[in-house]
Structure formats: structure tokens, C-alpha cells
Amino acid sequence: MDWDRVIERNQAALTRIVAMLIAMVEMGSGAMAVLLPPSLYHAVSRMLLPTESAVRRLIAIVARGLKVKPTPTHSMPKGLAFTGKGGGQIAFQLFDTRQRFSHTGRRRASAMVVPRIHIFADSPLVPLFQPRRPAENPIQEPDDTIDATRLGRRLAAVKMALDNLPQQARRLARWKARRDRMQKPAFLSPFRPGPPPGHRKEAMEEIDFVLRECHGLARDALYEDTS
């Protein structure tokens with residue numbers, strides 16, 4: 001396996017996809033993600049999720065066989081991690097968000113069952129039907145916008161990760177070293193079981209093909225590290 005060629009090809013494809021997503025956001029808002037129309041927001045978000053998954057797997061490929069000195073153990077960050085003085089820098093999330101399979105929910109306390117009495121005769125106790133009055137200033141759906149601040153941060157984080165793959169690979173290698181020292185680690189792999197986040201059974205766009213390739217190759221790379 002020519003791993004260097006694999007990394008170069010997929011990094012170029014993902015860089016092109018991320019640049020396109022950033023251009024879509026800037027075209028819709030005139031700047032980097034503040035408010036976006038719902039249609040544009042959901043279109044970018046739908047492509048960003050598999051892009052993040054593919055970048056995580058590409059980082060695992062780059063980290064294949066990398067040995068580093070372990071750092072002190074700390075909990076796995078959830079979502080975007082903010083680093084640096086004042087939390088101004090964004091760290092790309094190296095782990096898939098785990099799925100929750102618990103279907104137990106809170107049971108609502110039901111009110112005491114009482115007989116329902118319907119009165120159909122004329123009575124002052126029976127309210128008269130009054131049609132609902134239209135709103136004075138109805139909200140026009142095309143003018144709605146969605147706060148895309150977090151979306152912009154995710155785009156910035158994934159672009160930063162692609163531009164610094166060796167650095168991200170060292171982060172992942174340090175996590176592996178810490179995991180190997182744990183007696184009962186919470187996670188044995190940075191990837192969740194089953195299909196990756198954003199996976200679609202029928203490939204429709206370029207990112208779908210990139211994610212499939214990166215997912216399969218990343219599993220091979222992780223297997224080599226543990227064998």
C-alpha cells in the first residue's frame with residue numbers, strides 16, 4: 001500500500017471540498033458564517049458532517065505507526081475544544097460522537113382521569129366559536145435566518161486540521177499512548193462502531209466516495225497499529 005499517495009490524494013480532495021463549503025458560506029453571508037438562510041445552512045451542514053468524519057480517518061492514516069511520549073491522562077473532549085490562552089484557538093475533534101442507544105425516557109405524570117361532560121345546548125358556559133385572528137406581522141419563511149456561528153467554527157477547525165495533518169496525527173498518537181496505559185479505557189478506537197457519521201448507503205457526491213475510502217483505509221491502519 002502506497003500510504004503517501006493515499007494521504008496526498010484524499011487530502012487534496014478534502015481540501016477542495018472544504019474550500020467549496022467555505023465559499024458557499026461566504027457567498028451566503030458576505031463573511032465567515034454569522035447568519036445564513038435555512039436552505040444554505042442545511043446544505044453546508046449536510047456535507048460538513050461526512051467531511052469531518054473523513055478528515056478524522058485521514059488523520060488516523062497519517063498517525064499509522066507513529067510513536068510519541070504519552071502525556072498526562074485527561075478526559076475525552078466533547079465537541080469542539082477551545083485551546084490556548086483565553087480559549088481563542090479551536091482544536092479539531094478527533095473522535096466520532098458516540099451514539100446513544102438508550103430508549104428509556106421520562107414518564108410524564110398523567111392527570112387523574114375524570115369524566116368528560118359535553119354540553120350541546122345553549123348555555124353561557126359553552127364558549128362561542130371564534131376564528132383565530134391572523135398575526136399582525138407574520139414571519140416570512142424566506143427571510144428566516146439561522147445562527148451559523150458554530151458551523152463557521154467547525155469549518156475553521158476542519159480546515160486547520162487539514163492544513164496541519166502531522167500535528168493532528170501526533171495528537172491522536174498521544175491519545176493512543178494514554179489509552180494503552182489505562183486499565184479500562186472508555187474507548188478503544190476514536191471511531192464509533194458501524195458506519196461513520198454522515199455515511200450514506202448510496203453515494204451521491206464526491207465526499208461520499210472520499211469518506212468510504214478513508215473509512216476502510218483507516219480501519220486497516222488502526223489494525224496495523226494494534227497487531
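Everything numeric in this text was worked out from a predicted model, so none of it was measured. (Residues numbered from 1 in each chain as written. Predicted model: local features only at pLDDT ≥ 70, side-chain atom pairs only at ≥ 80, totals over all residues. Heavy atoms only, no water.)

### Some thoughts on the overall build of the protein
Argument step 1. Looking only at helices and strands, the protein has 5 helices and 4 strands in total.
Argument step 2. Each helix and strand of the protein, ordered N terminal to C terminal, gives the series α-β-α-β-β-β-α-α-α.
Argument step 3. Sequence-distant contacts in the protein: of pairs separated by 6 or more residues, those separated by 24 or more amount to 79%.
Argument step 4. Surface summary for the protein: the accessible area is close to 15,900 Å², and the carbon and sulfur share equals 55%. (Helix = DSSP H or I, 4+ residues; strand = E, 2+ residues; numbered from the N terminus. Contact = heavy atoms within 4.5 Å. Areas by Shrake-Rupley, 256 points an atom, 1.4 Å probe, with all protein chains shown as cover.)

### Here's the deal with the pattern of salt bridges
Argument step 1. Applying the stated criterion to the full structure yields 8 salt bridges.
Argument step 2. Among the salt bridges present, the one from Arg-16 reaches Glu-206, with a minimum N-O distance of 2.4 Å. Here the residue Arg-16 occupies a position in helix α1 (residues 3-29), and Glu-206 occupies one in helix α5 (residues 206-226), the gap between them amounting to 190 residues.
Argument step 3. Residue Arg-200 is joined to Asp-208 by a salt bridge in which the shortest nitrogen-to-oxygen separation is 2.9 Å.
Argument step 4. Among the charged side chains, a salt-bridge network with shared partners connects Arg-56, Arg-57 and Asp-96. (Salt bridge = Lys/Arg side-chain N within 4 Å of Asp/Glu carboxyl O.)

### Concerning the environment of Arg-56
Argument step 1. Within the secondary structure layout, Arg-56 lies in helix α2 (residues 38-62).
Argument step 2. When neighbours within four sequence positions are excluded, Arg-56 is seen to be in contact with Phe-92, Gln-93, Leu-94, Phe-95, Asp-96 and Phe-191.
Argument step 3. Polar contacts involving the side chain of Arg-56 include one to the side chain of Asp-96, which spans 3.3 Å. (Polar contact = N/O pair within 3.5 Å; in protein donor to acceptor, adjacent residues only side chain to side chain.)

### Some words on the packing of α2 against helix α4 (residues 165-181)
Argument step 1. Between α2 and α4, whose axes approach to 8 Å, the crossing angle comes to 80°. Considered as vectors, α2 and α4 are oriented roughly perpendicular to each other. Here Leu-58, Ile-59, Ala-60 and Val-62 of α2 come into contact with α4, specifically with Leu-165, Gln-168, Ala-169 and Leu-172.
Argument step 2. Class assignment of the residues belonging to the contact of α2 with α4 gives a composition of 7 nonpolar, 1 polar and no charged. (Axes fitted to C-alpha atoms, helices over the stretch in contact; angles between N-to-C directions. Parallel < 35°, antiparallel > 145°, perpendicular 65-115°, else oblique. Nonpolar A, V, L, I, M, F, W, Y, C, P; charged D, E, K, R; others polar.)

### A look at the environment of Trp-3
Argument step 1. Residue placement: Trp-3 occurs in helix α1.
Argument step 2. Expressed as a C-alpha distance, the spacing of Trp-3 and Leu-217, which sit 214 residues apart in the sequence, is 9.3 Å.

### Let's talk about the confidence of the model for the protein
Argument step 1. Chain-level statistics for the protein give a pLDDT mean of 79 and a share of 67% at 70 or above.
Argument step 2. The least confident element of the protein, judged by mean pLDDT, is strand β2 (residues 81-83) at 48; the most confident is α2 at 95.
Argument step 3. Note that residues 81-87 has pLDDT below 50 and, in this model, 10 contacts with residues that lie over four places away or in other chains. (pLDDT = per-residue confidence, 0-100.)

### Focus: the nonpolar core
Argument step 1. In terms of nonpolar packing, the biggest core is built from 49 residues, with Leu-14, Leu-21, Val-44, Val-55, Ile-59 and Phe-92 touching the most fellow members.
Argument step 2. Put simply, the parts of the chain that give this core at least two residues each are α1, α2, α3 (149-163), α4 and α5.
Argument step 3. Ranked by residue count, the leading element in this core is α2, at 12 residues.
Argument step 4. Discounting chain neighbours no more than four positions away, the residues touching Phe-92 are Glu-52, Val-55, Arg-56, Ile-59, Ala-157, Val-158, Met-160, Ala-161, Gln-168 and Arg-171. (Core = buried A, V, L, I, M, F, W, Y, C linked by side-chain atoms within 4.5 Å. Buried < 20%, exposed > 50% of the residue type's maximum accessible area, 1.4 Å probe, protein only.)

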